[in-house]
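As a plain string of letters, each chain reads:
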Amino acid sequence: MWTWFFRLASPPHFYALAGTLSNWLLVPALILVGVGVWGGLVLAPPDYQQGDAFRIIYVHVPSAYLSMMIYVTMALAGAIGLIWRIKLAHAVAASCAPIGASFTFAALVTGAVWGKPMWGTYWEWDPRLTSELILLFLYFGYMGLRGAFENLNQADRASAILAIAGVVNVPIIHFSVIWWASLHQGPTLSKLEAPSISWDMLWPLLTMILAFTLFFLGVLAMRVRGEVLEREVQSRWAQDVLRGATAASIR
Amino acid sequence: MSVTPSSPAQQAPAATLGLMTLFAAVLKRDLHVGMRRWTDASNSALFFILVLALFPLALSPKAEVLRMIAPGVIWIAALLATLLSLHLLFRADLEDGTLEQLLMLPYPLGWILLAKTLAHWIITGIPVVVMAPILAVTYHLPASALTVLTFSLLLGTPTLSLLGSIGAALTAGLRSASVLLAFIVGPLMLPVLMLGARATDLALAGEDPTGPLYLLGALLMLAVSVVPFMAAAAIRVSAD
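Residues numbered from 1 in each chain as written. Chains lettered and ligands numbered in written order. Predicted model: local features only at pLDDT ≥ 70, side-chain atom pairs only at ≥ 80, totals over all residues.

## Side note on the overall build of chain B
Counting secondary structure elements, chain B contains ten helices and zero strands. Relative to the compact-globule value of 18 Å for 240 residues, chain B shows a C-alpha radius of gyration of 19 Å, a close match. Referenced to the eigenvectors of the C-alpha coordinate spread, the extents of chain B come out at roughly 65 × 35 × 30 Å. Taken across its 240 residues, chain B has 47% of its residues classed as buried. By sequence separation, contacts in chain B at least 24 residues apart represent 81% of the contacts at least 6 residues apart. (Helix = DSSP H or I, 4+ residues; strand = E, 2+ residues; numbered from the N terminus. Rg over C-alpha atoms; globule rule 2.2 N^0.38 Å. Buried ≥ 20, exposed ≤ 12 C-beta atoms within 10 Å, placed from the backbone. Contact = placed C-beta atoms within 7 Å.)

## Details of the overall build of chain A
Helix and strand content of chain A: ten helices and zero strands. For chain A, the N- to C-terminal ordering of α and β elements is α-α-α-α-α-α-α-α-α-α. Of the contacts formed within chain A by residues at least 6 apart in sequence, a portion of 77% connects residues at least 24 apart.

## A few points about the nonpolar core
Residues I161 of chain A together with I74, A78, I166, A234 and I235 of chain B are the most contacted members of the largest nonpolar core, which totals 138 residues. When residues of this core are assigned to their parent elements, the largest contribution, 15 residues, is made by helix α9 (residues 178–204) of chain B. Excluding anything up to four places from it in sequence, I166 of chain B contacts A165 of chain A together with V185, V227, M230, A231 and A234 of chain B. (Core = buried A, V, L, I, M, F, W, Y, C linked by C-beta atoms within 7 Å.)

## Examining the environment of S198 of chain A
As for its placement among the helices and strands, S198 of chain A is situated in the loop between α7 (188–191) and α8 (199–231). Distance in space between the C-alpha atoms of S198 of chain A and R128 of chain A is 23 Å, their sequence separation being 70 residues.

## Remarks on the interface of chain B and chain A
Bring the parts together and some accessible area is lost; that lost area is often taken as the interface size. Opposite the 22 residues of chain B that make contact, chain A presents 21 residues. Among the elements that make up the side of chain B that touches chain A, the one with the highest residue count is α9 of chain B (ten residues). For the side of chain B that touches chain A, the class distribution of residues is 19 nonpolar, one polar and two charged. (Nonpolar A, V, L, I, M, F, W, Y, C, P; charged D, E, K, R; others polar.)

## Points about the packing of helix α3 (residues 57–84) of chain A against α8 of chain A
Residues and elements named next belong to chain A. Orientation of α3 relative to α8, taken along the N-to-C sense of each, is 45°, at an axis distance of 9 Å. Between α3 and α8, the crossing angle belongs to the class labelled oblique. Taken as a pair, α3 and α8 cross one another with a handedness that is right-handed. The residues of α8 that touch α3, namely those facing I57, Y58, V61, P62, Y65, L66 and I70, are P204, L205, M208, I209, F212, T213 and F216. Counted by class, the contact of α3 with α8 contains 13 nonpolar, one polar and no charged residues. (Axes fitted to C-alpha atoms, helices over the stretch in contact; angles between N-to-C directions. Parallel < 35°, antiparallel > 145°, perpendicular 65-115°, else oblique. Left-handed = near helix turned anticlockwise from the far one by under 90°.)

## Considering unusual backbone geometry
Phi is positive for R85 of chain A, which is not a glycine, with a value near 55°. With respect to the element layout, R85 of chain A can be found in the loop between α3 and α4 (87–119). C-beta crowding within 10 Å serves as the criterion here: with 14 such atoms nearby, R85 of chain A is assigned to the partly exposed category. Residues other than glycine seldom take positive phi values, yet H140 of chain B does so here, at roughly 60°.

Below, the structure is given as structure tokens:
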């Protein structure tokens, strides 16, 4: 009954599976991005206050959501790898970090671009912006720690512990930034609070969130594939793959 | 969390020491070693003074400017001094093999690391807590804010040392790890910095600082109860 689950953790099986999976994820992701962009940029009416500038949420919100979701995924994968000693989980955690950092960066940049016309400034020490920036540093720290180890096994376990420590800390950081800001001064808090949004504007946003998530999973499958191949390069199946054997023959 | 030493050979010596005796023994040993390496320990205190000497020179020696920046600047200096001293926490023990002996003890490793971290805080953190109000006077901080500043440091710097112990345990085996160490634990330390500086700020403005102080205390309790497990898991990775 659980065989499929255990087979999932076997590198050659996963390598083949992830190859198919990434296509099945990336193609719908691209279609949905097309639908979402058309819905968001063409069909949705301009905002009565922000005009067309609000349309950046179709990139900004999915990026910001993914930046946090990926960090949690990374910590979970790290914990699974640490507790049950599944190498594949470590490979997933390692592959999450650069993608997560990219989405965090995208969220910060799109936020800054939107902030200039709306707030009159590229950067504001707003709680959400500040915690997003700290999240970026957490990603960099994770990648820095991984890179510092020569031994892959040590790198996996050490970075998993750091990711778990980070995930415990992320809510603390977030709330302390909010308290810090509320003790500091009030008005910035409400600036970002989402107003109730009409369906015309909402459905493209939901489409984009789904599209970005599928895109993340597709890219993750590709990256894990590369990571697994690199880790197993000494093994027979990896050598076969590198010699150009077909996916069918390595099962 | 990761490797549990459970092979029969390692369990053979029965745990005869009480946990408090063990804690006291590790604490005493680390304090001794720390005192012998006095230059290492005093470096972070001197660094604290140096950073605090830089700000008036770089910004302005005016009393009102200094008073305004004092809470933040003193807390930043305390954070930097902690970061600077952390790489010493487990390094020497890993190099001379003490750590491996500690790993083989039939006692919870987290408990031992807690004693070591406490010793580290006594050697590097207490000087900072003691010097902070003296240096704050040179920043023209009023007496009412001095108490809150000292109290916030007393509650906050142990949390900094504890959080740092995770990073120190993760990087103990790496060469040239001090920058990386600062980089990975720095973001984790931010809540402590913000709350500590804000408490002092509130006291300076004549408002009630108990809220941030309570939160600092809560963070300390959380760190004491969670960090030793993480540090123990991390040190096992480094000792491999």
